[in-house]
Amino acid sequence: AGPGQVAMYAGLQELGVANGEDLKETLTNCTEPLKAIEQFQTENGVLLPSLQSALPFLDLHGTPRLEFHQSVFDELREKLLERVSAIALEGKVEERYKKLEDLLEKSFSLVKMPSIQPVVMCVMKHLPKVPEKKLKLVMADKDLYKACAVEVKRQIWQDNQALFGDEVSPLLKQYILEKENILFSNDISVLHNFFSPSPKTRRQGEVVQKLTQMIGKNVKLYDMVLQFLRTLFLRTRNVHYCTLRAELLMSLHDLEISEICTVDPCHKFTWCLDACIREKFVDNKRARELQGFLDGVKKGQEQVLGDLSMILCDPFAINTLALSTIRHLQDLVGQDTLPRESPDLLLLLRMLSLGQGAWDMIDSQVFKEPKMEAELITKFLPMLMSFVVDDHTFNVDQKLPSEEKGPIPYPSTIPEAFTKFLQENRIACEVGLYYILHITKQRNKNAFLRLLPALVETFSDLAFSDIFLHLLTGNLTLLGDEFALEEFCTTLFDGFFLTACSRKENVHRHVLRLLLHLHHKVAPAKLESLQKALEPTKQSGEAVKELYNQLTEKLELRKPSPAEVTETPSMELPLPTVPTPASR
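Here the structure is a predicted model, which is why all the values come from computation and not from measurement.

Summing up its helical and strand segments, the chain has 32 helices and 0 strands in all. A buried classification covers 43% of the 584 residues belonging to the chain. Within the chain, contacts between residues separated by at least 24 positions form 71% of all contacts whose residues are at least 6 apart in sequence. Counting only carbon and sulfur atoms, one obtains 56% of the accessible surface of the chain, whose full area is about 32000 Å².

The next subject is helix H8 (residues 132–140). Those residues of H8 that fall on the buried side of the exposure criterion are Lys 134, Leu 135 and Val 138. End-on view of H8: buried residues confined to an arc of 100°, all on one side of the axis. Pointing more than 90 degrees away from the buried face of H8 are the exposed residues Lys 133, Lys 136 and Ala 140.

For residues besides glycine, phi is generally negative; the peptide bonds are generally trans as well. For Lys 280, which is not a glycine, the phi torsion comes out positive at approximately 55°. By the element assignment, Lys 280 lies in the loop between helix H17 (267–279) and helix H18 (284–295). Residue classification places Lys 280 among the partly exposed positions, given a relative accessible area of 33%.

This part covers the layout of surface pockets. Taken as a whole, the second largest pocket spans an internal volume of roughly 1200 Å³. Lining of the second largest pocket is provided by 48 residues; of these, Val 239, Gln 356, Arg 426, Ser 460 and Leu 462 occupy positions nearest its centre. Secondary-structure elements contributing two or more residues to the lining of the second largest pocket are helix H11 (161–183), helix H14 (219–236), helix H20 (315–335), helix H21 (343–356), helix H22 (358–364), helix H25 (426–441) and helix H27 (466–476). Of the residues forming the lining of the second largest pocket, the biggest block, 6 residues, is contributed by H25.

Scanning the model with the defined rule gives 17 aromatic pairs in all. Aromatic pair Phe 380 and Phe 418: ring centres 5.9 Å apart, planes at 5°, arrangement stacked. On the criterion of sequence distance, the pair formed by Phe 380 in helix H23 (residues 374–399) and Phe 418 in helix H24 (residues 416–424) is long-range, its members being 38 residues apart. Of the two residues, Phe 380 and Phe 418, neither departs from the other in class, the shared state being buried. When the centroid spacing of 5.0 Å and the interplanar angle of 85° are considered together, the rings of Phe 394 and Tyr 410 count as edge-to-face. One end of the pair, Phe 394, is in helix H23; the other, Tyr 410, is in the loop between H23 and H24, and 16 residues separate them in sequence. The structure contains a cluster of three or more aromatic residues connected by ring pairs, namely Phe 448, Phe 464, Phe 483, Phe 488, Phe 493, Phe 496 and Phe 497. Lying over the aromatic face of Trp 359, Arg 237 brings its terminal NZ or CZ to 3.5 Å of the ring centre.

Next up on the list: the side chain of His 510. Mapped onto the elements of the fold, His 510 is located in helix H29 (residues 505–518). We classify His 510 as buried; its relative accessible area is 0%. Look past the residues within four positions of His 510 in its chain and what remains in contact with it is Leu 183, Phe 184, Asp 466, Leu 469, His 470 and Thr 473.

A full pass over the atoms with the stated rule returns 25 salt bridges. Residues Glu 482 and Lys 445 are paired through a salt bridge, measuring 3.4 Å at the closest nitrogen-oxygen approach. Taken together, the residues span a long stretch of sequence, with Glu 482 in the loop between H27 and helix H28 (486–501) and Lys 445 in helix H26 (residues 445–451) at a distance of 37 residues. Residue Lys 445 is classed as partly exposed on the basis of its relative accessible area, which comes to 22%.

Scoring rules and cut-offs
Residues numbered from 1 in each chain as written. Predicted model: local features only at pLDDT ≥ 70, side-chain atom pairs only at ≥ 80, totals over all residues. Heavy atoms only, no water. Helix = DSSP H or I, 4+ residues; strand = E, 2+ residues; numbered from the N terminus. Buried < 20%, exposed > 50% of the residue type's maximum accessible area, 1.4 Å probe, protein only. Contact = heavy atoms within 4.5 Å. Areas by Shrake-Rupley, 256 points an atom, 1.4 Å probe, with all protein chains shown as cover. Arc of directions from axis to C-beta. 1 Å grid on protein atoms, 1.4 Å probe; cavity = no way out; pocket = protein on both sides within 12 Å on 5 of 7 lines; lining within 4 Å. Points joined across faces, edges and corners; volume = space filled by probe spheres on them. Phe/Tyr/Trp six-rings, centres within 6.5 Å; stacked < 30°, edge-to-face > 60°. Lys NZ or Arg CZ within 6 Å of the ring centre and 35° of its normal. Salt bridge = Lys/Arg side-chain N within 4 Å of Asp/Glu carboxyl O.

What is shown is where atoms sit, not what they do.
Shown next, in the form of structure tokens:
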């Protein structure tokens, strides 16, 4: 018997049931093989008196005994599986688990026998606590571990963090990769961007669903996943881990898994913030609710701030807070109110500040809210409001009848303080970048060209981060017609993008994405110089080379063929001789 055969009969001998080896031995040591076979069949067949007369009837129909026994076996196995699932739900808790434990004790020796394995696995699945010894045996055997239900695996994982880590790690890698693929997607659109999917849609993603299933109702496993996410966020500074932290909690919330939701101190805060993210706006009622949670952090429980800051560091949360901040600033201009007089605005800044400080807080383990710089509120935000006023003033001026002095030019300089704030203050930088996204979305070319130079040097290079560039390239599609103008292209490409292309591969990728989308709008001479400037170097990664090749192919297709070029002059010659209506 080969290894497959041995597995087929694994464990039968221990139960005193004859197997293939026994038959082999019987036949080797007997004088009348046929009699011996008959006796073996009688002893080991289905022992029902009524069956003895029926079996020859099957023989007449040419039905092999194996087929008959197999169908009886399958039928019995199905019945047994149904019975096990029923036992798991009936009677007193102790009694039902006692029955299942006895059944496991009897059947476990057959766990490697493929035909019986499903029954053993089913018994273990329904036991809330599989005996430690059995779990160890399953864990030590790769095939058994693979075959057992997630309910059993959870019991193994909760005491084996390394093994659980091995299972979770590929999922976390996949999650980050999916996020990056969206940010670098070749589809550039102002309507469908990174932040378009609703929180509920995002939670249906494969990774979140798999993790939710792996955790079940097990608080210990949930804590382990959060620990992995914190560690990875610290190691990489990658904010997508913060998104996953919030999505996982809300996915368990959707399933009403109170065992976990009630012990996560961030649950209600995350739930309220989730509703704001869905609306892409923090309204007054929810703002007060969120403030209540922050103010309610008690002495001795400050550690929860580390978790809250991670929830607020989720790009979807930052996006919602920043968009709400810009909207509030515009409202304040209309109300003649200063930022420091708006409690709602101050709360948004407080949450932005907590989110942006997440990494430092978790790294230093000093759990207190970051101090807000007064100048951010007294100087920087009023400066942004003055830009809004500049736009209103300019628009009104354009509509007034022009007198001798001619049209008033759009203000072209930016206050030095604005540039300084963007370089030195993280919150100012984040809000400033969102203001620039806002004016681009409004197709406000003048304001865009005025403020863009301030983005060359920003706090921690935020203006060259993937999320900002992803949103900016999307919004720039609304200014498509401006790409034909030399001044616009020089400010955008030479003055901004190309300053970072050589040192930041991601910027190189985003510029190529943008040109793939808008190359037909760019003046030919400019396009040619951009093509030279964006040529990949030896150090460039595959993604840059691939995008550059795609762009080159597109531009090749646009070039007229040599035949067309030579014919054009001859076609144009006769035109001047045709009298035009004006010259008659």
